[in-house]
Amino acid sequence: MSEVQVSGVGTFPRELEDEAVYIMREVAAQFERPAILFSGGKDSIVLVRLAQKAFFPGKIPFPLLHIDTGHNFPETIQYRDWLVRETGAELLVRYVQDSIDAGKVREETGKYASRNVLQTVTLLDAIEEFKFDACLGGARRDEEKARAKERIFSVRDDFGQWDAKRQRPELFDMLNGRISVGENVRVFPISNWTELDVWNYIREEQIAIPSIYYAHQRAVIERDGMLWADSPHLNKSTDEIPFEATVRFRTVGDMTCTAAVLSEAVELEMIIGEIRSAKISERGARIDDKRSEAAMEKRKQQGYF
């Protein structure tokens, strides 16, 4: 597959892998209908590898659920379909466009219009449709202050909403998956990992990842001091003229809310070196986190991720 590059060999603290595998097996034991929330980003890709290891030699027992906004990077969708063929995993896709067409959400307008927030409704509808009682996600506590509050088993009410006061204490490896009718749990197996842990794991496991994580030539525009991939989904002003630059992406979301960074990192060692010296977090390039001080907190309470 031309859009995927494969990494080399490195080091990684294996106790983190052991913990994540344990969590996945607990999910399989405690819940009836789990699913992996799959975005095509590096964290959800790592979840797939961990699930393969947790249940080897059998297939991954959870379907992959992708909420497709319609504004994804083409490389991400290409990678998703390749990964499903390679692993034999079941893929379920639900579309934000269908939620828009049904009148459940309204398309945003203006310069910063994005479908990233709209996907919450589509996700909650999919959870209800398939009766999922646990959804595994790739969130990590080091990403953003709202996510630092998460438990590994994060209970959501029958409206899919998160409430910090309802979260349970987690002592050692005691994971309480008991839920009432209508409730569900978001599970974060790599909650204790850092961004560097993820990249070191990708390197050691030689995991194929979408090509946009590596430096490449791309048409971009400059907006608010950041570089955005030129796309028909962006509402560009007349002074936002596309130009070519060598960039890569540290995090992968919608094309309308994910900025690139200038980079010459064409291999994993160079990416890891860049991350070690970076002065902003990986989500510093996500405009959806910058809408307000509590943007992520609010979306989490509404059922996002």
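Quick look at the structure, then.

### Remarks on the overall build of the protein chain
Then step 1. Counting its secondary structure elements, the protein chain contains eight helices and 12 strands.
Then step 2. Split into buried and exposed, the 305 residues of the protein chain put 56% on the buried side.
Then step 3. Residue pairs at least 24 apart in sequence account for 75% of intrachain contacts in the protein chain once pairs closer than 6 positions are excluded.
Then step 4. Summed over its atoms, the accessible surface of the protein chain is roughly 13800 Å², and 52% of this surface lies on carbon and sulfur atoms.

### Observations regarding the pattern of salt bridges
Note that side chains of opposite charge can pair when their charged atoms are close.
Then step 1. Counting across every chain of the model gives 20 salt bridges.
Then step 2. Across the pair Glu-17 and Arg-14 runs a salt bridge, and its minimum N-O distance is 2.7 Å. Taken together, the residues Glu-17 and Arg-14, both in helix H1 (residues 14–30) and three residues apart, mark about one turn of the helix.
Then step 3. Looking at Arg-14, the relative accessible area reads 26%, which means it is partly exposed.
Then step 4. Ionic pairing is found between Glu-269 and Arg-203, a salt bridge with its closest N-O pair at 2.8 Å.

### Quick look at the packing of aromatic side chains
Given two aromatic rings, their pairing is described by the distance between the two centres and the angle made by the two planes.
Then step 1. What the rule picks out here adds up to nine aromatic pairs.
Then step 2. Positioned over the ring face of Tyr-112 is Arg-223, at 5.7 Å from the centre of the ring.

### Some words on the sheet that holds strand E11 (residues 243–248)
Then step 1. Read around the closed barrel, four strands run E9-E10-E12-E11, paired in antiparallel fashion. For this sheet, the mean angle separating the axes of adjacent strands, direction not counted, is 70°.

### Observations regarding the nonpolar core
Then step 1. Within the largest apolar cluster, 60 residues are counted, with the highest numbers of intra-cluster contacts made by Leu-50, Val-187, Trp-193 and Trp-199.
Then step 2. Take this core: its biggest share by element is seven residues, from helix H2 (residues 42–54).
Then step 3. Residue assignment places this core across two domains, with domain 1 (13–198 + 294–301) and domain 2 (211–289) each supplying three or more.
Then step 4. Within the second largest apolar cluster, 15 residues are counted, among which are Ala-35, Ile-67, Leu-118 and Cys-135.

### Examining the sheet that holds strand E3 (residues 64–68)
Then step 1. The sheet built from six strands is open, its strands ordered E4-E3-E2-E5-E7-E6 with mixed pairing. Each having just a single partner strand, strand E4 (91–95) and strand E6 (153–156) make up the two edges of the open sheet. Each strand axis lies, on average, 30° off the axis of its neighbour in the sheet, ignoring direction.
Then step 2. Here strand E2 (residues 34–37) pairs with E3 via two bridges, running parallel. Across the sheet, the residue bridging to Ile-36 is Leu-64, located in E3.
Then step 3. Strand contacts of H1: E2, strand E5 (134–136), E6 and strand E7 (184–187), with the helix running at about 40° to E6, the strand carrying the most contacts.

What counts, and where the lines are drawn
Note on numbering: residues in each chain are counted from 1, in written sequence order. Two thresholds apply to this predicted model, a pLDDT of at least 70 for residue-level local features and 80 or more for giving and counting side-chain atom pairs, whereas whole-chain, interface and lining totals are computed over all residues. Side-chain calculation: all heavy atoms of the structure are included, whereas hydrogens and water are not. Every helix listed is a DSSP run of H or I at least four residues long, and every strand listed is a run of E at least two residues long, numbered separately from the N terminus. Classification of residues uses two cut-offs on accessible area relative to the type maximum, computed with a 1.4 Å probe and protein chains only: under 20% is buried, over 50% is exposed, and between them is partly exposed. Two residues qualify as a contact provided that any one of their heavy atoms is within 4.5 Å of a heavy atom in the partner residue. Surface exposure here means Shrake-Rupley accessible area, sampled with a 1.4 Å probe, where a residue is shielded only by the protein chains that are shown. Salt bridges are counted wherever a side-chain nitrogen of Lys or Arg sits within 4 Å of a carboxyl oxygen of Asp or Glu. Only centres within 6.5 Å qualify two rings of Phe, Tyr or Trp (six-membered ring in Trp) as a pair; their planes then separate them into stacked at under 30 degrees, edge-to-face at over 60, and tilted for everything else. Lysine and arginine charges are scored as sitting over a ring when NZ or CZ, respectively, is within 6 Å of the ring centre and within 35 degrees of the ring normal. Between any two strands, at least two bridges found by DSSP are needed for them to pair. Lines fitted to the C-alpha atoms define the axes, with helices restricted to the stretch that makes contact. Angles between their N-to-C directions range from 0 to 180 degrees. Definition of nonpolar core: a set of buried residues of the types Ala, Val, Leu, Ile, Met, Phe, Trp, Tyr and Cys, connected through side-chain atoms within 4.5 Å. Where each domain starts and ends comes from a domain assignment, either automatic or drawn from a database.

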